[in-house]
Amino acid sequence: MSLIEIKDLKVHYPIRSGFWNRVTDSVKAVDGISFDIEAGETYGLVGESGSGKSTTGKSVVGLEKVTSGSIMYKGKDITKKSNRKSLDYNHDVQMIFQDSLSSLNPRKRIEDIIAEPLRNFEHLSKDEEKLRVLQLLDIVGLDADALYKYPHQFSGGQRQRIGVARAVATNPKLIIADEPVSALDLSVQAQVLNFMKKIQREFGISYLFISHDLGVVRHMCNNIAIMNNGRLVEIGTREDIYNHPMHIYTKRLLAAIPETNVSRRAEHRANRLKVEEVYREQQDKYYDKDGLAYPLVQITPTHSVALPEDLAEQLKHEGEVQA
Amino acid sequence: MGSNSEFLNIKDVSTAFKINGKYYDAISHINLEVHHDEILAIVGESGCGKSTLATTIMGLHDPEETKINGEVDFEGTDLLKLDENGYNQFRGAKIGMIFQDPLSALNPLKKIEDQISEVMNYHTDFTSEQKHQRVLELLDEVGIVNPKRTARQFPHELSGGMRQRVIIAIAIACKPDLIIADEPTTALDVTIQAQILDVLRNIQKENHAGIILITHDLGVVAETADRVAVMYAGQIVEEGSVEQIFNTPKHPYTRSLLRSMPQLDKENDDLYVIKGNVPSLQKMPHDGDRFAPRIPWLPADAHEKEPAMHELEAGHIVRCTCYKTFKFPDEQGGATA
Amino acid sequence: MWKTILRRILIMIPEVIILSILVFLLAKAMPGDPFTGSINPKADPAQLHHLMKMNGLYDPWYQQYWNWVVHLFHGNLGNSYQYQEPVTRLIGSRAVNTLWLALFTTILTYCFALPMGMYAAKHEGKLPDSIIRIYTYVTYCIPFFVILVIGVWIFGYVLGWFPTTGSISSTAASGLPSIGSRFYHILLPGVLGALFGTVNVVQYLRSEVIDAKRSDYVRTARSKGVPEKDIYKHHIFRNSLLPIAAFAGYSITGLLNGSLFTETVFSYPGMGLLFINSISYRDYTVITALVLIYGILNLLGTLLSDIILSIVDPRIRIQ
């Protein structure tokens, strides 16, 4: 059984207009997505700004009011507040945010920031609590003198590691990481990503890794979902997504990643322009009449793509021929 | 790229900021040339001084809070010797600047057309009809689909990518020789980033301009730049063609940066992490190799006392001689960390 | 936009009803009655009783309120007990005086405050800035009525330069001399009000300008080669003044409230003085009418500010 099963999740925001301010329409931030996260894995959720990936993440932690659909954890639907309470859900599921400065309370010392989830869920003595905080700081590679400092006294990378320490304080089963490294410099990003992997190895934590950076996602994630306009367009393993992308949207995203092999950049650029061209021409084929993605169709046991029936059959067939 | 085509010559420029009454160097002794028809990328992490270099060239620093030494020779004029009025003849006309955050860089209360034509008010004698035509032409050139409509809109009505296109239109309105682009794609999605970089490249080709592209993103550099200068702690540590920097990097910092990129690694390995932190402005070391504390396994005598720039082959320059013996801890012959 | 304005006005209706009930009840709750002090102290209590009954003052409050509302819809706010005059006419003549004073003070306040705020911000941290800030702090610290009393005493009594009572000289001929006389009467209270009422506008404008000076769009303008004086004119001041314009909606109602002090000290026959007087005479009809007017003006002022803001700032569109 998977750790978390998300089924047909929808988050719609009402648009009010007219004289009586009635709900006339809705923004479909998340529009019927389903995927599972296994224990101990890093699941990548990729999309551009406005794709609904952050809203999905917030729904999984319970910070977003879900319109319909379910998120099953230990056999219960945690979109209901009562279930979250009875399961002690927020003890098991924590979140890391993109902006480490604004997500850490500037008036609290690091000790109190990291101990906060402990105080909420575990009733430790003062000494035990301090010991745990010190252990956590050690895990993320910060010295004990960090205890009495304030968030602004740290660099961006250090703050992000404090965010990680706070998230792992309660030994959670799942951490939602919303763009955890996109505000960081390259060398600091490497540090934070390594820590996240190390903690995963040691404690068996699962991550829902939300990012727009396909390079980082490839490094971190075994399974990946590509999100576009509130819907999933492709789900697969790293191998499926990076080596056999099927949806034109995925192809377009991959083509836009800058090529670091300098001698091949002209070729890479030509390829990107070609993919852009195809994307423009074939848009009607890959999206329904409202410009939204079709329901996912399974191509291989691990790989699903949002395609209309006929196109899916054709691609499946081509795949078999190639195999 | 003959060396005679250079039109911007930065000679021994240092910029110091006043912090609590004392001056601290944000960039020290920078030497760089920019040629026509090239994109020179300046890469480095936050705090390395790359944006300070840009604002120094543009003369955007408050003279009471900063001390600038050296010479910025732009087509025979030393920009640093100009007064405010003199500088304004260059800014917008011969030097255009593209900023990072396209929302805050546009005046929220002015229409796009007014913001673009403003630059022409001061540097051209166009009639208002000519200016209007030029605005539409520029918006088209930077890839905006409906220039007439966009010209009438306000910044908040546009998407991030469109705003960045408008910023570019402002920068190129008077066909400047030099365009300085400070992190032009950082706030944008990858697909938009690729389009914006295409626009920049096309403009450079058409106008024969020289572009200084300031970025922390090595992928962007590899895709767009002709030449690269790598900065660390206020100094240039390595300079060369994009092939030299990416295929045969020499300086330990350049090599470390490339090694910590997720794109180039084996998927399940840990990424390379540079030890320690970038020193803050007040704690910047002023003698010896500034990068030495971050490669502590390298013996002290591997560094020069006063690290100088050494030209290895045409155009490829490296600071300090430590590159000769530098190896990563896990490489053959490298010390254990 | 018109729909929204209409909706906002409709929402104001229940607000005004609640306000009117409150006002009515509070006025009733005041101890005393409108007649005891005003008729012959030797009068028969029975006669007083009769007067009260005639005016419906013994009816239950909702009955009285209902009568009042019915009259209100006929444009009849009742008669003033004190002045024996219809309240509408009484307030009408006073309102003109108050409006004159309020308008003059507002204009003068902005004439002082705008240059001060901009000048202080432009020379932030330098001597002129410090002087202007000290000035605003000092004027903020001294209670306004103290200033008024001192002003009247020095310029009115000691020097005798300005009149200390009334809104127009009784001997002024109609036409130009009457306008001159009116102006002469509001000059001192207006100038004092403006000189000591600048603090809000100055501080607000100063911080707006300082924010704008450091904004990215000003840096963009610099990189376009726009000369410094044009940067101030086209970008910094323009952007900082727009919120101030919206502020004007509120400030009108604020000044009406401030008129209480000014008019009392200067015995200036406006709505403020009328209000104070009618409270001391328990002139219920006038009190309720005035409070209701002030309340509605406040609501309208807020709406006006929102409308101005939506016109000047393209980012805010009422829909």
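Residues numbered from 1 in each chain as written. Chains lettered and ligands numbered in written order. Predicted model: local features only at pLDDT ≥ 70, side-chain atom pairs only at ≥ 80, totals over all residues.

Chain C has the name ABC transporter permease in an unreviewed UniProt entry, where Companilactobacillus huachuanensis is given as its organism. As stated in UniProt under Subcellular location (unreviewed entry), the record for chain C gives "Cell membrane". According to the UniProt record, the Sequence similarities (unreviewed entry) comment for chain C is "Belongs to the binding-protein-dependent transport system permease family." (UniProt positions renumbered as here; feature names shortened; annotations may be inferred.)

Naming follows an unreviewed UniProt entry, where chain A appears as ABC transporter ATP-binding protein of Companilactobacillus huachuanensis. Under Sequence similarities (unreviewed entry), UniProt gives the following word-for-word description of chain A: "Belongs to the ABC transporter superfamily."

A.B. asks: Break down the overall build of chain C for me, with residues and values.
C.D. replies: Check the secondary structure of chain C and you find 12 helices and 0 strands. Going residue by residue from the N terminus, the α and β elements of chain C occur as α-α-α-α-α-α-α-α-α-α-α-α. Considered along the principal axes of its C-alpha atoms, chain C spans approximately 85 × 55 × 40 Å. Out of the 319 residues in chain C, the part that is buried amounts to 29%. Expressed as a percentage of contacts within chain C between residues at least 6 apart in sequence, the contacts between residues at least 24 apart total 71%. (Helix = DSSP H or I, 4+ residues; strand = E, 2+ residues; numbered from the N terminus. Buried ≥ 20, exposed ≤ 12 C-beta atoms within 10 Å, placed from the backbone. Contact = placed C-beta atoms within 7 Å.)

A.B. asks: I'd love a proper account of the overall build of chain A, names of residues and values included.
C.D. replies: Looking only at helices and strands, one finds 13 helices and 12 strands in chain A. For 323 residues, the compact-globule formula gives about 20 Å, and the C-alpha radius of gyration of chain A, at 21 Å, lands near that figure. With the principal axes as the frame, chain A shows a C-alpha extent of 65 × 60 × 45 Å. Burial analysis of chain A (323 residues in total) assigns 44% to the buried set. In chain A, 66% of the contacts between residues at least 6 apart in sequence involve partners at least 24 apart. (Rg over C-alpha atoms; globule rule 2.2 N^0.38 Å.)

A.B. asks: I'd love a proper account of the interface of chain B and chain A, names of residues and values included.
C.D. replies: Many authors give the size of an interface as the accessible area that is lost as the parts come together. Contact with chain B, which involves 32 residues of that partner, is made by 26 residues of chain A. Elements that contribute at least two residues to the side of chain B that touches chain A include exactly α7 (190–207), α8 (218–224), α9 (242–247) and α10 (252–259) of chain B. The biggest single contributor to the side of chain B that touches chain A is α8 of chain B, with 5 residues. Along the lines of polarity and charge, the residues of the side of chain B that touches chain A split into 15 nonpolar, 10 polar and 7 charged. (Nonpolar A, V, L, I, M, F, W, Y, C, P; charged D, E, K, R; others polar.)

A.B. asks: An account of the UniProt feature "transmembrane region" (unreviewed entry) in chain C is needed here, citing residue identities and associated values.
C.D. replies: Residue and element names in this part refer to chain C. Cross-referencing UniProt, the feature "transmembrane region" (unreviewed entry) maps to residues 9–27, 99–121, 142–163, 183–205, 241–266 and 286–312 in the present numbering. In the segment residues 142–163, helix accounts for 68% and strand for 0%; the C-alpha atoms at its two ends are 24 Å apart. Here residues 183–205 runs as 87% helix and 0% strand, with 29 Å between its end C-alpha atoms.

A.B. asks: Can you break down the sheet that holds strand β1 (residues 4–17) of chain A residue by residue, with the values?
C.D. replies: Residues and elements named next belong to chain A. Strand order across the open sheet formed by 4 strands is β2-β1-β4-β5, with antiparallel pairing between neighbours. Edge strands, defined here as strands with exactly one partner in the open sheet, are β2 (22–37) and β5 (76–77). Pairing geometry for β1 and strand β4 (residues 68–73), over 5 bridges, is antiparallel. Paired with Lys-7 across the bridge in β4 is Ser-70. (Pairing = 2+ DSSP bridges.)

A.B. asks: Before we move on, could you go through the pairing of strand β11 (residues 309–313) of chain B and cite the residues and values that matter?
C.D. replies: Residue and element names in this part refer to chain B. By the bridge criterion, 4 bridges tie β11 to strand β12 (residues 316–319) in an arrangement that is antiparallel. Bridging across to β12, His-310 finds its partner in Val-318. The hairpin formed by β11 and β12 contains 2 residues between the paired strands, and Gly-315 there has a positive phi angle of roughly 85 degrees.

A.B. asks: Which residues make up the environment of Ala-93 of chain B, and what values do they have?
C.D. replies: Here Ala-93 of chain B is to be found in the loop between α2 (84–90) and β6 (95–98). Residue Ala-93 of chain B is classed as buried on the basis of its 20 C-beta neighbours within 10 Å. Distance in space between the C-alpha atoms of Ala-93 of chain B and Ala-222 of chain B is 29 Å, their sequence separation being 129 residues. With sequence-adjacent residues up to four places away left out, Ala-93 of chain B is seen in contact with His-123, Cys-174 and Pro-176 of chain B together with Gly-225 of chain C.

A.B. asks: Break down the sheet that holds strand β2 (residues 22–35) of chain B for me, citing the residues and quoting the values.
C.D. replies: To summarise the sheet geometry, strands pair through backbone hydrogen bonds and adopt either a parallel or an antiparallel arrangement. Residues and elements named next belong to chain B. With antiparallel pairing, 4 strands are arranged side by side in an open sheet as β2-β1-β4-β5. Lying at the two open borders of the sheet, with one neighbouring strand each, are β2 and β5 (77–78). Looking at chain direction, strand β1 (residues 6–19) and β2 are connected through 10 bridges and run antiparallel. The residue bridging Phe-17 from the neighbouring strand is Tyr-24, located in β2. Its contacts with the sheet put helix α1 (residues 50–58) on β1, β2 and β4 (66–74), and the angle it makes with β2 is roughly 75 degrees. (Axes fitted to C-alpha atoms, helices over the stretch in contact; angles between N-to-C directions.)

A.B. asks: Talk me through the pairing of β12 of chain B; I want residue IDs and the actual numbers.
C.D. replies: Examined bridge by bridge, strand β10 (residues 235–241) of chain B and β12 of chain B share 2 bridges and lie antiparallel to one another. In the sheet register, Glu-238 of chain B faces β12 of chain B, and the bridge partner there is Val-318 of chain B.

A.B. asks: Pulling in residues and values, what's your account of helix α4 (residues 128–141) of chain B?
C.D. replies: Since the α-helix turns once every 3.6 residues, residues separated by three or four places project in the same direction. All names here are of chain B. With 14 residues, α4 extends 20 Å between its outermost C-alpha atoms, agreeing within 8% with the 20 Å of an ideal straight helix rising 1.5 Å per residue. Every buried residue belonging to α4 is among Lys-131, Val-135, Leu-138 and Leu-139, and all of these are buried. Across the axial projection of α4, the buried residues extend over an arc of 95 degrees, all falling on one side. Every exposed residue of α4 that faces more than 90 degrees away from the buried side is listed here: Glu-129, Gln-133 and Glu-137. Those residues of α4 that are buried lie in contact with α3 (112–123), α5 (147–152) and α6 (160–172). Directly beyond the C-terminal end of α4, a positive phi value near 90 degrees is found at Gly-143. (Expected span 1.5 Å × (residues − 1). Arc of directions from axis to C-beta.)

A.B. asks: Explain the packing of helix α5 (residues 110–121) of chain A against helix α6 (residues 126–139) of chain A to me, and be specific about the residues and the numbers.
C.D. replies: All names here are of chain A. Where α5 meets α6, the closest approach of the two axes is 10 Å, and the angle between their N-to-C directions is 110 degrees. The pairing of α5 with α6 is recorded here as roughly perpendicular in orientation. As for how α5 packs across α6, the hand of that crossing is right-handed. Across the interface between the two elements, Glu-111, Ile-114, Ala-115 and Leu-118 of α5 pack against Glu-129, Arg-132, Val-133 and Leu-136 of α6. Among the residues forming the contact of α5 with α6, the class breakdown is 5 nonpolar, no polar and 3 charged. (Parallel < 35°, antiparallel > 145°, perpendicular 65-115°, else oblique. Left-handed = near helix turned anticlockwise from the far one by under 90°.)

A.B. asks: Break down the environment of Gly-75 of chain A for me, with residues and values.
C.D. replies: Tracing the backbone through its elements, the reader meets Gly-75 of chain A in the loop between β4 and β5. Remark: the alpha-carbon pair of Gly-75 of chain A and Phe-209 of chain A, spanning 134 residues in sequence, is separated by 23 Å.

A.B. asks: Residues and numbers for unusual backbone geometry, please.
C.D. replies: One non-glycine residue with positive phi stands out, namely Lys-74 of chain A, at about 50 degrees. Mapped onto the elements, Lys-74 of chain A comes out in the loop between β4 and β5. The phi dihedral of His-29 of chain B is positive, around 50 degrees, even though this residue is not glycine. As for its position among the elements, His-29 of chain B is in strand β2.

A.B. asks: Please give an account of the packing of helix α11 (residues 248–256) of chain A against helix α12 (residues 265–286) of chain A that cites residues and values.
C.D. replies: All names here are of chain A. Interaxial distance between α11 and α12 falls to 9 Å at its minimum, and their mutual angle equals 160 degrees. Here α11 is positioned roughly antiparallel relative to α12, judged by the angle of their axes. Between α11 and α12 lies a crossing whose hand is left-handed. Taking contact as the criterion, the partners of Ile-248, Lys-251, Arg-252, Ala-255 and Ala-256 in α11 are, on α12, Asn-271, Arg-272, Val-275, Glu-276, Val-278, Tyr-279, Gln-282 and Tyr-286. Split into classes, the residues belonging to the contact of α11 with α12 amount to 7 nonpolar, 2 polar and 4 charged.

A.B. asks: Quick rundown of the environment of Leu-137 of chain A? Include the residues and the values.
C.D. replies: Residue and element names in this part refer to chain A. When you line up the elements, Leu-137 lands in helix α6. For Leu-137, a count of 21 C-beta atoms within 10 Å puts it in the buried group. On a C-alpha basis, the gap between Leu-137 and Glu-111 in space is 9.4 Å, while along the polypeptide they are 26 residues apart. Residues within four places of Leu-137 in sequence aside, it is in contact with Leu-142, Ala-144, Ala-146 and Ala-165.

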